[in-house]
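# Observations on the three-dimensional arrangement
Each chain, written out:
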Amino acid sequence: MSFSGRRRLYLTLLLIALGAGWGLTQPLAKIAVSEGYLHFGLVFWQVALSAVVLAVLCIAQRAPLPLHRKALAFYLLISLLGTIVPNSALYHAAIYLPSGILSVILSLVPIIAFPIALALATDHFSWRRLIGLLCGLTAVALLSLPGESLHRSGALIFLALALTAPTLYALEGNILAKWGRAGLSPIQLLLGASLVGVAISGPLAVMTGQWIDLRPPWRSPDLAILLLGSMHALVYASYIWLVGQAGVVFAAQASYLVTGFGVLWAMLILGERYSNTFWISLALMMVGLFLVRPRKATVDDGPVAG
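Note that the structure is a prediction, hence the values are computed from the model and not measured.

## Regarding the overall build of the protein
Broken down by element type, the protein carries 14 helices and zero strands. Its helices and strands taken in sequence order, the protein reads α-α-α-α-α-α-α-α-α-α-α-α-α-α from the N to the C terminus. The globule rule puts the C-alpha radius of gyration for 306 residues at 19 Å, and the 19 Å found for the protein is close to it. By principal-axis analysis of the C-alpha atoms, the protein measures approximately 50 × 50 × 40 Å. Looking at the protein residue by residue over its 306 residues, the buried ones come to 53%. Once local pairs closer than 6 in sequence are excluded, the contacts in the protein between residues at least 24 apart make up 87%. Of the roughly 13600 Å² that the protein leaves accessible, carbon and sulfur atoms contribute 70%. In the protein, 18 positive and 9 negative side-chain charges are present, and the distance between their average locations comes to 11 Å.

Spelled out as structure tokens, the structure:
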């Protein structure tokens, strides 16, 4: 796509805002778990607040939520792969891992998606993308070195747990690329998945004693939950709109910004500081993202991550 100078500036500013907003979600998750809140309660409020925002968008678009059998199956699949399981893993890992490391881990989504795409025959082999995959894997290996204090805190197991999230997001994106979205728009699909997520995570939160009472007065973890749930829906809706306006290749550049802003927000808000090893890992991850980036639009617009 080609744009006028003014329109390109507008879309670029939106892309930056999108990256900044999405990058803020990891520090917010860290704040949310800072005083004992646990994953099922956090996932419930995330999907519940997202459902409210997405329902407003569907009403504004006059797009009712389909309830046929295939749509319901997709809602369940995306709820499990895109929200409940990966976000539960992330929230639990956030108790033990620095927010900046989580931001780097999450940027693995397009890198992990490559070998899954080969296995599902939705993409072809490329040496360039293979090198990108190796860069991403090397970046994660560097994060596990003693310089990041993970050995002293016994948190290496939680680094492995955090890797569950980008793996499932990548699998989800490839499933959508191969089998489509059952005729659903991305907003409808995410709303349906959020409602299913509410139905699953609510009872789990109650049964496991992880229910979170969000009635005022609100402390910083409560405010983080409110902002986190709303922002997840808004930034994803913005991403979908940007794909439609500028194409998937332009919108995919958000991956760099989400990672960069995630690290920046962690330093500014949480006061995190990192070793030289971390910065080498971040640089390798950025190179990996550059090498695996799409050169043209694909069937799927990206993972539907709640």
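## Remarks on the packing of aromatic side chains
Summed over the entire model, instances satisfying the criterion amount to nine aromatic pairs. Relative to Trp211, the ring of Phe44 has its centre 5.0 Å away and its plane inclined at 50 degrees; by these criteria the two rings are tilted. Of the two residues, Phe44 is situated in helix α2 (residues 39–60) and Trp211 in the loop between α10 (186–207) and α11 (220–246); the sequence distance between them amounts to 167 residues. Among the residues examined, Phe44 registers a relative accessible area of 11% and is labelled buried. An aromatic cluster is defined as three or more aromatic residues linked by ring pairs; in this entry it consists of Phe44, Trp45 and Trp211.

## Topic: helix α13 (residues 254–269)
For α13, with 16 residues, the first-to-last C-alpha span of 21 Å sits near the 22 Å given by 1.5 Å per residue. Of the residues making up α13, those classed as buried are Ala254, Thr259, Phe261, Gly262, Val263 and Ala266. Phi for Gly271, located one or two positions after α13, is positive at around 70 degrees.

## Focus on a nonpolar patch on the surface
Judged by side-chain polarity, Leu264, Leu268, Ile269 and Leu270 come together as a nonpolar surface patch covering roughly 340 Å² of accessible area. Within the secondary structure, Leu264 is located in helix α13. Its relative accessible area of 37% is what places Leu264 among the partly exposed residues.

## Focus on the pattern of salt bridges
Scanning the model with the defined rule gives four salt bridges in all. In this structure, the salt-bridge partner of Asp222 is Arg219, at a minimum N-O distance of 3.7 Å. Judged by its relative accessible area of 3%, Asp222 falls in the buried class. Taking relative accessible area as the criterion, Arg219 reaches 39% and is therefore assigned partly exposed. Salt bridges sharing partners connect three or more residues here, namely Glu35, Arg219 and Asp222.

## What to know about the packing of helix α1 (residues 5–32) against helix α4 (residues 99–106)
It is the contact of α1 with α4, at a shortest axis distance of 9 Å, that shows an interaxial angle of 135 degrees. On the basis of the axis angle, α1 is oblique to α4. Viewed along their axes, α1 and α4 form a crossing whose handedness is right-handed. The segment α1 lies against α4, with Gln26, Pro27 and Lys30 engaging Ser99, Leu102, Ser103 and Leu106. The residue inventory of the contact of α1 with α4, partitioned by class, reads three nonpolar, three polar and one charged.

## Examining the side chain of Gln210
Considering the arrangement of structural elements, one finds Gln210 in the loop between α10 and α11. One polar contact links the side chain of Gln210 to the main-chain amide nitrogen of His39, over a distance of 3.4 Å. Beyond its immediate stretch of four places on either side in the chain, Gln210 contacts Leu38, His39, Phe40, Gly41 and Ala205.

## Quick look at the nonpolar core
Membership of the largest hydrophobic core comes to 79 residues, with the highest contact counts inside it found for Leu42, Ile225, Tyr239, Leu242 and Phe278. Phe74, Tyr75, Leu184 and Ala193 belong to the second-largest nonpolar core, a separate cluster that totals 10 residues.

## Things to note about the environment of Ala252
Assignment of secondary structure puts Ala252 in the loop between α12 (248–251) and α13. Ala252 sits 18 residues away from Leu270 along the chain, and the two C-alpha atoms are 27 Å apart.

## Focus on unusual backbone geometry
Backbone torsion omega between Pro216 and Pro217 reads 5 degrees, so that peptide bond is classified as cis. Tracing the chain through its elements places Pro217 in the loop between α10 and α11. Although it is not a glycine, Arg62 sits at a positive phi angle of roughly 55 degrees. Within the chain, Ala182 stands out as a residue other than glycine whose phi angle is a positive 60 degrees. By the element assignment, Ala182 lies in the loop between α9 (164–179) and α10.

The rules behind the values
- Residues numbered from 1 in each chain as written.
- Predicted model: local features only at pLDDT ≥ 70, side-chain atom pairs only at ≥ 80, totals over all residues.
- Heavy atoms only, no water.
- Helix = DSSP H or I, 4+ residues; strand = E, 2+ residues; numbered from the N terminus.
- Rg over C-alpha atoms; globule rule 2.2 N^0.38 Å.
- Buried < 20%, exposed > 50% of the residue type's maximum accessible area, 1.4 Å probe, protein only.
- Contact = heavy atoms within 4.5 Å.
- Areas by Shrake-Rupley, 256 points an atom, 1.4 Å probe, with all protein chains shown as cover.
- Lys, Arg positive; Asp, Glu negative; His and termini not counted.
- Charge placed at Lys NZ, Arg CZ, Asp CG, Glu CD.
- Phe/Tyr/Trp six-rings, centres within 6.5 Å; stacked < 30°, edge-to-face > 60°.
- Expected span 1.5 Å × (residues − 1).
- Patch = residues over 30% accessible without salt bridge, like charges linked within 9 Å, V, L, I, M, F, W, Y side chains within 5 Å.
- Salt bridge = Lys/Arg side-chain N within 4 Å of Asp/Glu carboxyl O.
- Axes fitted to C-alpha atoms, helices over the stretch in contact; angles between N-to-C directions.
- Parallel < 35°, antiparallel > 145°, perpendicular 65-115°, else oblique.
- Left-handed = near helix turned anticlockwise from the far one by under 90°.
- Nonpolar A, V, L, I, M, F, W, Y, C, P; charged D, E, K, R; others polar.
- Polar contact = N/O pair within 3.5 Å; in protein donor to acceptor, adjacent residues only side chain to side chain.
- Core = buried A, V, L, I, M, F, W, Y, C linked by side-chain atoms within 4.5 Å.

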